[in-house]
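Analysis of the macromolecular model
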Amino acid sequence: MSLWEYANPKKFMQTSAVVLPIFAVFALVTLLTGLVWGFFFTPDDYRQGATVKIIFLHVPAALMAINAWMMMLVTSLIWLVRRHHVSALAAKAAAPIGLTMTVIALITGAVWGQPMWGTWWAWDPRLTSFLILFLFYLGYIALWEAVENPDTAADLTSVLCLVGSVFAILSRYAVNFWNQGLHQGATLSLDAETNIDNAFYLPLLAAIAGFVSLFIALVLLRTQTEIRRRRMQAILARERLG
Amino acid sequence: MIALLIRDLKQATRAGGGFGLGLAFFLIVTILVPFGVGPESATLALIAPGVLWVGALLSCLLSLDRVFALDFEDGSLDLLATAPIPLEAVVGLKALAHWLVTGVPLTLIAPMLGVLLNLPSGGYIWLLASLGLGTPALSMIGAFGAALTVGLKRGGLLLSLLVLPLYVPTLIFGAEALRRGTAGLENTTPLLMLAGITAASVALLPFAAAAAIRVNLR
């Protein structure tokens, strides 16, 4: 019994068929709990009013936006080292989800920032690095789309993911440096969970659990789709030959 | 290896090689900016460092798809891949050739464009220093992007989408070094960071680029 068993597409399909509904149901329950609890049964913040409630979407989405890239980095490495197709397909499957999470984080942030900061957008380090992350996702997905041969595409995108990760982290620190001391207010973004009251913290945890399991369920689903597409292409190719 | 470098330089500087296009583009971008933002010299002096850096970066981007594409089309890239020198060295030489025909001329012409943008007199030395330190990184990162897209038919647009996010740290530190230097502030840190990015790119990216070329030649 080892992790590498799941590199076999057949084994992966069998296991994911069982695991996927569990994660989907768990995602539904925790998301409903977190969001309903968060939106209707938490008090308004004394300074931010009801706008504070966007935290239940913003923070989990931002978290998953970064973690989706981390997952792609790990699966890309596995593909480059061990050549497991499922791994490359999982990276491909995760990219659009990560992109969506990035967009959700950016939009909810803008919606919150408008009444609170008085602006939709500020060139604050955190915001800027998310915009850069958005560009990295776009480039990664575009490269997958552009290359026709699936193995070539997997190789090239994996190399891009590795190099991109280094530059993404570098950009994060460069951006910090670039805007140091120019903007206050960036740290108002409620990132310090130690400061947050339990009234917000517990539903936030539920929402984060919901986003994590939603992400896992979606990645499994999309990976299954990619495997089925690959099988279909193989069948079609065989028919053309025979 | 030197023969390869000389060959690349000759190809780039001959008619149709695109040499000078980047320079002309840099000139045009710099001339267009005052039309866009107005001719007040105080405003221009304020934005000059950023405009010069962005202009240099875009001009560098312009000639990137030529780094490997011509050799890929006529098959000489296959020969170079099987040549006795490692492919990593070929990539490094290609990036060096690209830098010699774009980065160096851009750096040298930048002070003249600085005059057009009313760059304060203290800034010229830092303009030369920051572009001189930063443009090798631009060429090397660009060569990596070109290696990724060399097999694609419409790779040019994709190349910009892939390479521009990778240029962000270089641009930030380069423009910041120039801005601080122009304002008479301490700018050792961004200059050192810029030099660090260049050194790391030149040291590591040839391996990634060579891997991408091997995949594309498969």
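Structure's up top.
Presented here is a report on the structure given in the accompanying data block.

Definitions and cut-offs
Residues numbered from 1 in each chain as written. Chains lettered and ligands numbered in written order. Predicted model: local features only at pLDDT ≥ 70, side-chain atom pairs only at ≥ 80, totals over all residues. Helix = DSSP H or I, 4+ residues; strand = E, 2+ residues; numbered from the N terminus. Rg over C-alpha atoms; globule rule 2.2 N^0.38 Å. Buried ≥ 20, exposed ≤ 12 C-beta atoms within 10 Å, placed from the backbone. Contact = placed C-beta atoms within 7 Å.

Some thoughts on the overall build of chain B
Each helix and strand in chain B was counted, giving 9 helices and 0 strands. Listing each helix as α and each strand as β along chain B from the N terminus yields α-α-α-α-α-α-α-α-α. Taken against the 2.2 N^0.38 rule, which gives 17 Å for 218 residues, the C-alpha radius of gyration of chain B at 18 Å falls within 12% of a compact globule. The buried share of chain B, taken over its 218 residues, is 50%.

Remarks on the overall build of chain A
On a plain count of helices and strands, chain A comes out with 6 helices and 0 strands. Traced from its N-terminal end to its C-terminal end, chain A shows the element sequence α-α-α-α-α-α. Buried positions account for 41% of the 242 residues belonging to chain A. Contacts in chain A between residues far apart in sequence, at least 24 positions, make up 78% of those at least 6 positions apart.

Points about the interface of chain B and chain A
Each side of the interface is counted separately: chain B has 19 residues, and chain A has 21 residues. Elements supplying a minimum of two residues to the side of chain B that touches chain A: α7 (124-149), α8 (155-182) and α9 (188-217) of chain B. Counting residues per element, the side of chain B that touches chain A draws most heavily on α8 of chain B, at 10 residues.

Quick look at unusual backbone geometry
In this structure, Arg83 of chain A takes a positive phi of about 55° despite not being glycine. Within the secondary structure layout, Arg83 of chain A lies in the loop between α2 (55-82) and α3 (85-117). Look at Arg83 of chain A and you get partly exposed, because 13 C-beta atoms sit within 10 Å. In the Ramachandran plot, Asn118 of chain B falls in the positive-phi region, its phi being about 60° despite a non-glycine side chain. Mapping Asn118 of chain B onto the fold places it in the loop between α6 (87-116) and α7.

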